Amino acid sequence: MKLLSKRETAQKLCVSYNYLDCIRKMYEDFPKAMSFSKAQAGSKLFFDEDEIDKWLLVNKEKFQLNAAS
C-alpha cells in the first residue's frame with residue numbers, strides 16, 4: 001500500500017489542494033482519508049493510492065462527460 005499526502009492526492013487528480021476538499025464533500029464514495037494522529041485542525045491526511053486509482057476507474061465516464069460539456 002502506498003500512501004499519498006493530501007497534496008500528492010490533489011496532484012494525482014490534477015486539482016488544487018483546496019478543491020480536493022470539495023471533491024471529498026461532493027462524492028460520498030470518495031476514499032476516506034487516514035491520519036496517524038488524533039483528529040484536530042492541521043492533522044496530516046493520507047490517502048491509499050490504490051483506492052484513489054479504483055475510484056478514478058469507477059468514475060471515469062462521469063468525468064469524461066463533464067469534460068465534454
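Residues numbered from 1 in each chain as written. Predicted model: local features only at pLDDT ≥ 70, side-chain atom pairs only at ≥ 80, totals over all residues. Heavy atoms only, no water.

### With respect to the overall build of the chain
Part 1 of the argument: Counting its secondary structure elements, the chain contains four helices and two strands.
Part 2 of the argument: Counting over 69 residues, the chain shows a buried share of 28%.
Part 3 of the argument: Considering only contacts in the chain between residues 6 or more positions apart, those separated by 24 or more positions represent 47%.
Part 4 of the argument: With an accessible surface of roughly 5,200 Å², the chain has 53% of that area assigned to carbon and sulfur atoms. (Helix = DSSP H or I, 4+ residues; strand = E, 2+ residues; numbered from the N terminus. Buried < 20%, exposed > 50% of the residue type's maximum accessible area, 1.4 Å probe, protein only. Contact = heavy atoms within 4.5 Å. Areas by Shrake-Rupley, 256 points an atom, 1.4 Å probe, with all protein chains shown as cover.)

### Things to note about the packing of helix H1 (residues 6-13) against helix H3 (residues 49-58)
Part 1 of the argument: Running from N to C, H1 and H3 cross one another at 30°; their axes reach a closest spacing of 12 Å. Classified by the angle their axes make, H1 and H3 are roughly parallel. H3 is crossed by H1, and the crossing has right-handed handedness. Between H1 and H3, the residues in contact are Thr 9, Lys 12 and Leu 13 and Glu 49, Ile 52, Asp 53 and Leu 56, respectively. (Axes fitted to C-alpha atoms, helices over the stretch in contact; angles between N-to-C directions. Parallel < 35°, antiparallel > 145°, perpendicular 65-115°, else oblique. Left-handed = near helix turned anticlockwise from the far one by under 90°.)

### Describing unusual backbone geometry
Part 1 of the argument: Backbone geometry at Cys 14 places phi at a positive 60°, although glycine is not the residue there.
Part 2 of the argument: Structurally, Cys 14 is set in the loop between H1 and helix H2 (17-26).
Part 3 of the argument: By relative accessible area, which is 68% here, Cys 14 ends up exposed.

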